Amino acid sequence: MSLHTISVLVEDKPGVLTRVAGLFSARGYNIDSLAVGPTEAEGLSRMTIVVHVESKSLEQVTKQLNKLINVIKILEHEPGTAVERELMLAKVRAKGDARARVMEIAEVFRVSIVDVTKTTLTVEASGKPEKLEALRELLSEFGIVELSRTGRIALARGDRGIREKGGLRVARAVGAEDSPEWTGGGV
Amino acid sequence: MKVSGAQALFKALEGEGVDIAFGIPGGAILPAYDPLIESGVRHVLCRHEQGAGHAAEGYAWATGKVGVAIATSGPGGCNLVTALADAKMDSVPIVAITGQVPTPAVGNDAFQEADITGITMPVTKHNFLVTDPGEVAETIREAFHIARTGRPGPVLVDLPKDVLVNETTWSWPDQVDLPGYRPTIKGNMRQVVEAAKLILEAKRPVLYVGGGVIKAEATEELYELATVGHLPVVTTLMARGAFPDAHELCLGMPGMHGVYTAVTAMQKADLLVAVGARFDDRVTGKLATFAPNAKIVHIDIDPAEIGKNRRADVPIVGDCKDVTAKLVAELTRRQDEAGIPDRSPWLEQLAAWRAEQPLRYDQEPDGPLKPQYAIERLRAHSDGDTIVVAGVGQHQMWASQFWSFEKPRTWINSGGLGTMGFAVPAALGAAAGQPDRRVIAIDGDGCFQMTSQELATSTTEKIPFVTAIINNAYLGMVRQWQELFYEERYSQVYLSYDVPDYVKLAEAYGAVGLRAERPEEVDAVIEKALSVDDRSVVIDFRCDANEMCFPMVPAGASNDDIITGPEGLQPQDDPAEAPIA
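Calculation notes
All chains use their own residue numbering, which begins from 1 and follows the written sequence. By the order in which they are written, chains take letters starting at A while ligands take numbers starting at 1. Side-chain atom pairs in this predicted model are given and counted only at pLDDT of 80 or more, local residue features only at pLDDT of at least 70, and totals for whole chains, interfaces and linings cover all residues. Here a strand is any run of E in DSSP of at least two residues, a helix any run of H or I of at least four, and the numbering for each starts at the N terminus. Atoms counted for the radius of gyration: C-alpha only. Globule rule: 2.2 Å times the number of residues to the power 0.38. To assign burial, the other C-beta atoms lying within 10 Å of each residue's own C-beta are counted, with C-beta atoms placed from the backbone; 20 or more indicates buried, 12 or fewer indicates exposed, and intermediate counts indicate partly exposed. Domain ranges listed in this record stem from an automatic or a database domain assignment. Throughout, a pair of residues is in contact if the C-beta atoms placed from their backbones lie within 7 Å. Residue polarity is assigned by list, with Asp, Glu, Lys and Arg as charged and Ala, Val, Leu, Ile, Met, Phe, Trp, Tyr, Cys and Pro as nonpolar; anything else, Gly included, falls into the polar class. Here, strands pair whenever DSSP counts at least two bridges between them. A fitted line through C-alpha atoms represents every axis, and for helices the fit uses only the stretch in contact; the resulting angles, taken between N-to-C directions, go from 0 to 180 degrees. Residues of type Ala, Val, Leu, Ile, Met, Phe, Trp, Tyr and Cys that are buried and joined through C-beta atoms within 7 Å form what is called a nonpolar core. Each angle receives one of four descriptions, namely roughly parallel if under 35 degrees, roughly antiparallel if over 145, roughly perpendicular if within 65 to 115, and oblique otherwise. What makes a crossing left-handed is the near helix being turned counterclockwise from the far one by less than a right angle; a clockwise turn instead makes it right-handed. Helix span, as expected, comes to 1.5 Å for every residue beyond the first. To be clear, the arc concerns the directions from the helix axis to the C-beta atoms.

Participant: Sorry, what's going on with the overall build of chain B here?
Facilitator: From N to C terminus, chain B includes 22 helices and 20 strands. The globule rule puts the C-alpha radius of gyration for 581 residues at 25 Å, and the 24 Å found for chain B is close to it. In terms of overall dimensions, chain B has C-alpha extents of about 70 × 60 × 50 Å along its principal axes. Looking at chain B as a whole, 56% of its 581 residues are labelled buried.

Participant: Looking at this structure, I do not really get the domain arrangement of chain B. What am I missing?
Facilitator: Reports often express the size of an interface as the amount of accessible area lost when the parts come together. Residues and elements named next belong to chain B. Parsing chain B into structural domains produces domain 1 (2–169), domain 2 (189–356) and domain 3 (371–549). On the domain 3 side, the residues contacting the 25 residues of domain 1 number 26 residues. No other element matches the 11 residues that helix α3 (residues 49–63) contributes to the side of domain 1 that touches domain 3. For the side of domain 1 that touches domain 3, the residue count by class is 12 nonpolar, 9 polar and 4 charged.

Participant: For this particular structure, what's the right way to read the sheet that holds strand β20 (residues 537–542) of chain B?
Facilitator: Within a sheet, adjacent strands bond to each other through the backbone by hydrogen bonds, running parallel or antiparallel. All names here are of chain B. With parallel pairing, the 6 strands of this open sheet are ordered in space as β16-β15-β17-β18-β20-β19. The open sheet is flanked by β16 (411–413) and β19 (512–516), the only strands paired with a single partner. Shown here is a sheet whose adjacent strand axes are inclined to one another by a mean of 20°, direction ignored. Across 5 bridges, β19 lies against β20 in parallel orientation. For V512, the partnering residue across the bridge sits in β20 and is V537. Packed onto the sheet, helix α22 (residues 522–531) meets β18 (466–471), β19 and β20 and runs at close to 165° relative to β19.

Participant: Explain the domain arrangement of chain A here, please?
Facilitator: Split by domain assignment, chain A resolves into domain 1 (2–81) and domain 2 (84–149). The straight-line distance from the C-alpha centre of domain 1 of chain A to that of domain 2 of chain A is 30 Å.

Participant: Quick question: what am I supposed to make of the nonpolar core here?
Facilitator: Grouped burial of nonpolar side chains is what soluble globular proteins tend to show. Counting residues in each nonpolar core, the largest one holds 201 residues, and the members touching the most others are V68 and V209 of chain B. Residue contacts for V68 of chain B: discarding those within four places in its chain leaves L13, V18, A21, F22, A56, I94, V95 and I97 of chain B. One finds A94, V102, L121 and L132 of chain A within the second-largest nonpolar core, a separate group that totals 13 residues.

Participant: Just checking my understanding: could you explain the packing of helix α15 (residues 371–380) of chain B against helix α16 (residues 394–402) of chain B for this structure?
Facilitator: Helix packing for two helices is described by the angle between their axes and how far apart those axes are. Residue and element names in this part refer to chain B. Axis separation between α15 and α16 bottoms out at 9 Å; the angle between their running directions is 45°. Viewed along their axes, α15 and α16 adopt a mutual orientation that is oblique. Handedness of the crossing formed by α15 with α16: right-handed. Contact with α15, carried on its side by P371, Q372, I375, E376 and R379, involves H395, W398, A399 and F402 of α16 and no other residues of that element. Counted by class, the contact of α15 with α16 contains 5 nonpolar, 2 polar and 2 charged residues.

Participant: Just checking my understanding: could you explain the interface of chain B and chain A for this structure?
Facilitator: With 31 residues of chain B at the interface, the matching set in chain A holds 26 residues. Among the secondary structure elements, those contributing two or more residues to the side of chain B that touches chain A are α5 (116–120), β6 (126–129) and β14 (314–317) of chain B.

Participant: Could you clarify how one ought to interpret the environment of A516 of chain B in this entry?
Facilitator: With respect to the element layout, A516 of chain B can be found in strand β19. Considered as a pair, A516 of chain B and T332 of chain B are 184 residues apart in the sequence and their alpha carbons are 52 Å apart.

Participant: Would you mind going over the pairing of strand β5 (residues 82–93) of chain A with me for this structure?
Facilitator: Walk down a regular strand and you will see the side chains alternate between the two sheet faces. Residues and elements named next belong to chain A. Across 4 bridges, β5 lies against strand β9 (residues 153–156) in antiparallel orientation. Its bridge partner lying in β9, R85 is registered against I153. Bridge count for β5 against strand β7 (residues 120–127) is 8 bridges, and the pairing is antiparallel. Looking at β7, one finds that R93 is bridged to T120. Here β5 runs beside strand β8 (residues 144–149); their pairing, made up of 5 bridges, is antiparallel. Looking across to β8, one finds that V92 is bridged to I144.

Participant: I tried to follow the packing of helix α11 (residues 260–268) of chain B against helix α14 (residues 344–356) of chain B on my own but got confused; where do I start?
Facilitator: Residues and elements named next belong to chain B. Where α11 contacts α14, the axes come no closer than 9 Å and their chain directions differ by 145°. Between α11 and α14 lies a crossing of right-handed hand. Side by side, α11 and α14 meet where Y260, T261, T264 and A265 of the first sit next to L350, W353 and R354 of the second. When the residues that make up the contact of α11 with α14 are grouped by side-chain class, the tally is 4 nonpolar, 2 polar and 1 charged.

Participant: What's the story with the sheet that holds strand β7 (residues 154–160) of chain B in this structure? I'm lost.
Facilitator: Residue and element names in this part refer to chain B. Strand order across the open sheet formed by 6 strands is β3-β2-β4-β5-β7-β6, with parallel pairing between neighbours. Of all the strands in the sheet, just β3 (42–45) and β6 have a single pairing partner and so form its edges. In this sheet, neighbouring strand axes are inclined to one another by 20° on average, regardless of whether the strands run parallel or antiparallel. Two strands pair when backbone bridges link them, and strand β2 (residues 20–23) and strand β4 (residues 67–71) are joined in this way by 2 bridges, in the parallel orientation. Residue pairing across strands places G23 opposite I70, the latter belonging to β4.

Participant: What is the right way to read helix α4 (residues 129–140) of chain A from this model?
Facilitator: Along an α-helix, a turn takes 3.6 residues, which lines up residues three or four apart on a common side. Residues and elements named next belong to chain A. When the terminal C-alpha atoms of α4 are compared, their 16 Å separation across 12 residues agrees well with the 16 Å that a helix rising 1.5 Å per residue should span. Buried within α4 are the following residues: L132, L135 and L139. Along α4, the residues classed as buried sweep out an arc of 65° about the axis, all on the same side. Exposed side chains of α4 directed beyond 90 degrees from the buried face belong to E130, E137 and S140.

Participant: Help me understand unusual backbone geometry, please; the structure alone is not making it clear to me.
Facilitator: What is expected of a backbone is that most residues other than glycine have negative phi and most peptide bonds are trans. V499 of chain B connects to P500 of chain B through a cis peptide bond whose omega is -5°. Here P500 of chain B shows up in the loop between α20 (476–485) and α21 (502–508). With an omega dihedral of -5°, the bond running from F550 of chain B to P551 of chain B counts as a cis peptide bond. With respect to the element layout, P551 of chain B can be found in the segment after β20. Of note, R110 of chain A is a non-glycine position whose phi angle comes to about 55°, a positive value. Along the polypeptide, R110 of chain A turns up in the loop between α3 (97–109) and β6 (112–116). Given 10 C-beta atoms within 10 Å, R110 of chain A falls into the exposed group. Despite not being glycine, S91 of chain B has its phi angle at roughly 55°, a positive value. Tracing the sequence through the fold places S91 of chain B in the loop between α4 (75–89) and β5 (94–100).

Here you go:
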């Protein structure tokens, strides 16, 4: 079992999130994180899904996702082939000595303090998931009042986009005809 | 041209060539039932929405066209769910049209409101909630396109009442634009070449034929592939009739209650060429010991089926018709050069198994009526065009085993979902779609009681068919499992032979009711039943309750451990070894 990041380009239609999420639960796969938002193209949304499965199950996940009518394209990000980022907000207890130490940590991590109260500091951090994890670990020492993370988003490295043909390793049907029209969805 | 959403619905259905729809009106769908009166669509008024759904399925199975079911909001749509799930599992193209509460009321727990698109999401290929009357025509067009193309399946279109009532300008889209839906039709030629090579190398090949061959209308190509390559054929429960049973290359049905030769041939094969089949657990038995020495060529239009249960050595994604035709051409070319491999040892082995282990049962002249005998006699009195419909259970297995099929689309049943109550409404739909053909539902007494109300539909709509109830007074397959795996501790399986009185029930519905209790009565009753052509007929075959369905591979067991008859049963010592469903 390992973590896999996949980008899913979907039509921005009602119920798409339910279809995708329902597929994961119906097939018994756990979503580690899911982030969704608009894209460069009107009418299309992009989901970044981090899923904890074996490689063989991942193949089933992507094939089943491909079958959803509203799914346009799927991209599996191999480790190291994508820029992956996440945003985190953490409200940390910071009274007395702790205040300066929290601010020092924020400085070292080059993250911002975005809200200040007499007893807390709210830290805004973005970056690779590992960096956020390290930061969270350090901040937890002071006591985290609440924490919110966006889940991972990712773009493949290189000059091509997910909507362009070729170039990217797109989750696709084994044995399918190599066809220039093949865009990857539906059965 | 200005039309209401409801008028647009029927113009769109006519545009899709729909000639018949099965349904029941109700509050939210009422506006659609008004323009129905003037439309070219014949509406068959069913007695239960589940019946309408299965009728649409039966129509689709028998004709290859998309079946249509109509229901109202809330309970109407909910009652369609079983039929939709059934159609999803068996890849049956149907379109369900449901009414919905008016858009301003959606989400307010209005009277007869149910989130039917939410409810049916996992059991449909796709579904739509239409919120604008201007989108009705386009949505119907897309729904039919999705239902019938690629791997076929059920699609639901939910229409709020105001969408049906409000006006729009009629326009019929020239083409369907679904950027996320591009099924792969053409098989990769490089893969076809690899498949042909494996076939030529194989010493013990088996063609493992599934329902996809019938869906793709690929039975002629399949026949060529089998005969050109001298390849023995097994036809799964979904594929009965895809290849003629009487052909010397036909080994019959594989699987849990499959023919010994079909099951064993797959186990001993060195190559399985799976065409439109999905390595279902009822076929493979214990997956780890299934066909252990076989290489796999897997042809399917659904890439997700390939490698799902069994790794394929040569995967080919594409329409079975296209791929099989290419494979025939490639194999022919190679055989013309290199000659046809000598497969006589394998074919002789298969012939020997067939002679040693035929399907068998004992009908003693003075003994109780055996279900297999009733089915064999029904077949003897019927021609190869007869359409046979079954539900799920012992009767279904016996029908599949003992009916000799000649043609595709003459066998209709609930395979994947195993839906009790499927047969009667599906037979209604089949008879509506093929009015010139004889339709016989072979049903169990338990199954029959779940949907027998559609006999009323049959009578009032003048859509006759024959129902042969294999009445063994029990939920027979459950009883068989309790006998074999629960130490004969029978729990909640007895139904009774005579409650209801099936003859009187048939007559109450305006059908002809007949009964046979002894083997010598069977022929006369069948002759009488088949002489009626203006009404439905129900035959109550009172059969031996103790008869079990063999061969059998217990659930979870290896196909090597097939039990061919009652004498092969071993007592189950360890309860932990008891099979799970």
